[in-house]
Amino acid sequence: MKTRFNTYDIVCMVTELQSLIGMRVNQVYDIDNRTYVIRLQRSEEKRVLLLESGNRFHTTHFEWPKNVAPSGFTMKLRKHLKNKRLESFTQLGIDRIVDLQFGSGEAAYHVILELYDRGNIVLTDYEWTILNVLRPHVEGDKIRFAVKEKYPLDRAKTSYAAPSSDALKDILSRSKPGDNLKKILNPNLEFGAAIIDHVLLENGLSGNLKVSTDPNKGFFVERDLDKLTTALKKAEQLLDAARLEVAKGFITQKKEERPNPEGDEPIYFFTNIEFHPMLYSHHRGQPHQEYETFDRAVDEFFSALEGQKIDLKTVQIEREAMKKLHNVRKDHEKRVTELTHVQVEDKKAAELISRNEPLIEQARLAIQTAIANQMSWDDIKQLVKTAQDNNDPIASSIKDLKLNINHITLLLNDPYQTSDDDDAESGDEKLKPMLVDIDLSLTAFANARRYYDQKRNAAKKQQKTLESAGKALKSAERKTKQTLKEAHTISSISKARKTYWFEKFYWFISSDNYLVIAGRDQQQNELLVKRHLRAGDAYVHAELAGAASVLVKNPAAHALPPRTLAEAGQAAVAYSVAWEAKVVTRAWWVHAHQVSKTAPTGEYLTTGSFMIRGKKNYLLPDQLHFGFSFMFRLEDSCIERHRDERRAAIADDVSEVTSTLEEDQEIIVSDDDEPSDKEDEKSSGKLDTIAEETRKLGIKQTNGIQLGEEVEKETVEDANNEEKQEKESEESETDSDDSDGVFPDTHIKVDHGTGQVILETKTRTISEVSDTSDNKTFSFPSLPKKGGKKPQKPKEQKKNEERQEKKDGMKRGQRGKLKKIKEKYRDQDDEDRVIATELLKAANQAKDSKKAQKKAAAAKANKVKTGPRGPKIPQPTPLILEVESGGEELDPEPEVEQGEQGADIDTELLSQLTGCPLPEDELLFAVPVVAPYSALHNYKYKVKLTPGSSKRGKAAKTAVQVFLRDKTGTNRERDLLKAVKEENVARNFPGKVKLSAPQLHKHKK
């Protein structure tokens, strides 16, 4: 199989890739220690150039797996080539060396790709001084490939002209006897073996001809020299044409045979053998594929190598399965043949014993007499030998003494058969002389009976073998067909499997068909915000250390449904320490424009830390109920059937969804350590309450109506239930009300080494506070209590108030002053408040900064357009965020995958996946998904995950077994589930889990 470029390939590829000149380097990646990828960009045009040391270079349309951490050589390339323009793409002379120049003048850098021997990639500056080299080494005594050495340009060969007749004669005269033309010409010419074979065949010669002095044999110089000269001139013309025109691409193939699972005629498929820029004469009789360009053919060839390896591995498995079946058949035939042979031999032995009964009895008597006389075995053997020497007929028939088992071996023949009867009985079976073992303890007829019994037993065994052979062979054939089918299915799935861009994160699709993604570690959290957070998206985080950053992708930029935000909040809590600790806590969300990586002056934000500016929208806490399921990739023609199965629910549908969730919980059969039915009812009640509150808030906000009175009533009811707590927290409620209209700049800073967290809030001036203050008093609605826990003690509340005072930075008496201001302006309506704000701004204009003026103007514009903003859920003192650290290296270019995340592309990606496939659907592959259980309510396969003690891998295997035993599943679905790699199944589990599913305990037995 061809895996590297020759000279003609390089000439053709360099000519074709001249279109890359003028493009700028976007980024550099490494696939392995020999293969590197350079992303090039020019306005809207993007190309990916792949360089493999020693083998190839071409552009690629396929997504190659990149190393998680870039190598040192990659970092060096990034440092010098980033944003540089590709100025030239040339071949050094006619040698297998390619030079890529990035930048011009003294800022130029050269990337030199060597495609001979073991290959190399060298980075030099504009003076050809080596800055970095992939494979440092020494050639000969003087040429060193190392940093700070000059790259030797004079080594490259510059001429590929065809030799003259005299030069050819000289080359042929120096050849060894018996060498063929191809072996002689290849080392002396620059055309390459493929071109030489082609032009020789075109001119009536062959590369296998041997130089001969006999005109009738081989290559005769006097006669064939002109043909050879013409052929080499043709080779020179081919290289000249390749420098001017873009060549087509051809891939030659080989026909392979694979066993058929149905047992009929074998199945044939084609494997790629070689790639060429033209169809050579010696390849025209082989199967091949033609492509528009040589670059496209090379890209297809190398990208198909992996799939071809899978195919060949599958064929090997199928051949082994067929070999096992063949061995079973062969073993069966051998066993039947042996039993038939035993029957024939036993029958002959029995008949010979019956016909030689006197001889056998005399031999028995002689041996038994000797034993009775207490003769040793050696003496008995000597006695028999002496008798044989004396031509005793009885002793002559004894051939062996097996006295240890009380047997003797006699040579018996048919005493009634004469030479005259040979011709008469030629058609009948003759009893030939044979050795027969005789038991000394049995008479002659008893010995005959023993052989007849053995013959009958062998016949019975043969009958049973024949009867059971049918079943055994059918079973073996069935297993072989199943193995062939599974091997073929898994190979087709492996080739069809496409990894989506969001699978490297935690991810799921919400009930309203929104993509939700979360970071696995600190680096991924940074990557999510920098590259994937767009306008209209929501950023969700839990009030817990170690929680993941969660994004809700909103390509249409409409208002996100409350149900989706609640599910994203569940994910934020689950992917934190709350899962292992079995603690229920709240999450909050903000808009994309509220998340910033810009730190205040003189401060620094570590990786995974962000500034949250403005008000957080708190979500009500939910139970830690996650689910595990599989989504199936639909064939394009089946997508329309599932178009609206995850439609965005409007407010009127929320109650229906809630009832569906309750029904789904009732189906679950709990294990012994699962919560009781009463507890399930309580939890479903909590879910119902949360859904109702969310629905009310959503309706009110969309209609632009104030929610102050409604929230105030709920707050008053909560306060009546906890009067004592209300009195003690009255002062803090006033602060909450004052800060409700204020948008503090919250800086969250995390020390990942010690776990210490620093929080800084920047409060605004009194004029800004009065501008956004409201005359309504709010308090937090009471949170659902888990396990009947008592409310927080007053001492702890006082400590929290003291912490609040310190963090807010208010001076003593300032809070009382604000309270008086509020009482003074209680009867002031919105219009008066706007006028008063303008007056205050005019008075303090000299003191206010430009930034404050912009914010006040924006607040005024919002109030004029939409009216006073109704508060959502009041905001407590922000808790500290801590993000876990991890390993994926960030790509600072945010535009790289931007095209994949457009509205249409994201929607199309999600529409290809379904959780409830129909029997008539054509499915390509399965993707494991872990999501809040409410998001999986209509999925076909699902189990419930709650915090527990089972390890992720074991729980995932158990869940897959549950899915495989589902009677409603089709064979295709089971095949797709089996084909998913084990390491990918449990990858998104939050931690140790407990499984709940219908009849789960039966499957575990």
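Residues numbered from 1 in each chain as written. Predicted model: local features only at pLDDT ≥ 70, side-chain atom pairs only at ≥ 80, totals over all residues. Heavy atoms only, no water.

*Asks:* Can you walk me through the packing of helix H1 (residues 7–16) against helix H6 (residues 221–242) in this structure?
*Replies:* When two helices pack together, their arrangement is given by the angle between the helix axes and by the axis-to-axis distance. Between H1 and H6, whose axes approach to 9 Å, the crossing angle comes to 25°. Put simply, H1 runs roughly parallel to H6. Contact residues: Tyr8, Val11, Cys12 and Thr15 in H1; Leu238, Leu239 and Ala242 in H6. Residue composition of the contact of H1 with H6, by class: six nonpolar, one polar and no charged. (Axes fitted to C-alpha atoms, helices over the stretch in contact; angles between N-to-C directions. Helix = DSSP H or I, 4+ residues; strand = E, 2+ residues; numbered from the N terminus. Parallel < 35°, antiparallel > 145°, perpendicular 65-115°, else oblique. Contact = heavy atoms within 4.5 Å. Nonpolar A, V, L, I, M, F, W, Y, C, P; charged D, E, K, R; others polar.)

*Asks:* Explanation requested: H1 in the structure shown.
*Replies:* The periodicity of an α-helix, 3.6 residues per turn, causes residues three or four positions apart to be oriented the same way. The buried fraction of H1 amounts to ten of the ten residues, a majority that puts the element mostly inside the structure. Every buried residue of H1 is accounted for by Thr7, Tyr8, Asp9, Ile10, Val11, Cys12, Met13, Val14, Thr15 and Glu16. The residue sitting at the N-terminus of H1 and contributing the capping side-chain oxygen is Asn6; that oxygen lies 3.3 Å from the backbone nitrogen of Tyr8. (Buried < 20%, exposed > 50% of the residue type's maximum accessible area, 1.4 Å probe, protein only. Polar contact = N/O pair within 3.5 Å; in protein donor to acceptor, adjacent residues only side chain to side chain.)

*Asks:* Explain the packing of aromatic side chains here, please?
*Replies:* Given two aromatic rings, their pairing is described by the distance between the two centres and the angle made by the two planes. Considering all chains together, one arrives at 25 aromatic pairs under this definition. Taking the centre distance of 3.9 Å and the plane angle of 15° together, the rings of Tyr506 and Tyr575 count as stacked. Placement of Tyr506 in strand E20 (residues 506–509) and of Tyr575 in the loop between helix H14 (562–574) and helix H15 (577–581) is noted, with a sequence separation of 69 residues between them. The burial state of Tyr506 is the same as that of Tyr575; both residues are buried. Geometrically, the ring pair formed by Phe632 and Tyr941 is tilted, given 6.1 Å between the ring centres and 55° between the ring planes. Here Tyr941 lies in the loop between strand E32 (923–932) and strand E33 (942–950) and Phe632 lies in strand E28 (residues 626–634), a separation of 309 residues in the sequence. Across this residue pair, the class does not change: Phe632 and Tyr941 are buried. Sitting over the ring of Phe302, Arg56 keeps its end group 4.1 Å from the ring centre. (Phe/Tyr/Trp six-rings, centres within 6.5 Å; stacked < 30°, edge-to-face > 60°. Lys NZ or Arg CZ within 6 Å of the ring centre and 35° of its normal.)

*Asks:* Help me out: how do you make sense of unusual backbone geometry in this one?
*Replies:* Excluding glycine, a negative phi dihedral is what most residues carry, and trans is how most peptide bonds are arranged. Even without glycine at this site, Ser43 takes up a positive phi of about 50°. Inspection of the secondary structure assignment puts Ser43 in the loop between strand E2 (35–42) and strand E3 (45–52). In this structure, Asn513 takes a positive phi of about 70° despite not being glycine. The residue Asn513 is located in the loop between E20 and strand E21 (515–518) in this model.

*Asks:* Help me out: how do you make sense of the nonpolar core in this one?
*Replies:* Considering soluble globular proteins, one finds that nonpolar side chains tend to be buried as a cluster. Phe628 and Leu945 are the most contacted members of the largest nonpolar core, which has 88 residues in total. If sequence neighbours within four positions are ignored, Leu945 has contacts with Trp579, Leu624, His625, Phe626, Gly627, Phe628, Val930, Phe989, Val993, Lys994 and Leu995. Core analysis: the next-biggest nonpolar cluster, separate from the first, contains 76 residues, Leu113, Leu185, Tyr291 and Ala297 among them. (Core = buried A, V, L, I, M, F, W, Y, C linked by side-chain atoms within 4.5 Å.)

*Asks:* Mind showing me how you'd approach the sheet that holds strand E1 (residues 24–30) here?
*Replies:* Each strand in a sheet pairs with its neighbour through backbone hydrogen bonds, running either in the same direction (parallel) or in the opposite one (antiparallel). Pairing within the open sheet is antiparallel, and its four strands lie in the order E1-E2-E3-E4. Across the chains shown, the open sheet's two edge strands, defined by having one partner strand only, are E1 and strand E4 (56–59). Strand-to-strand, the axes of this sheet are offset by a mean angle of 15°, without reference to chain direction. Relative to E2, E1 is paired through six bridges, and the arrangement is antiparallel. Bridge assignment links Gln27 to a residue of E2, and that residue is Arg39. Against the sheet, helix H2 (residues 72–81) contacts E1 and E2, and its axis sits at roughly 175° relative to E1. (Pairing = 2+ DSSP bridges.)

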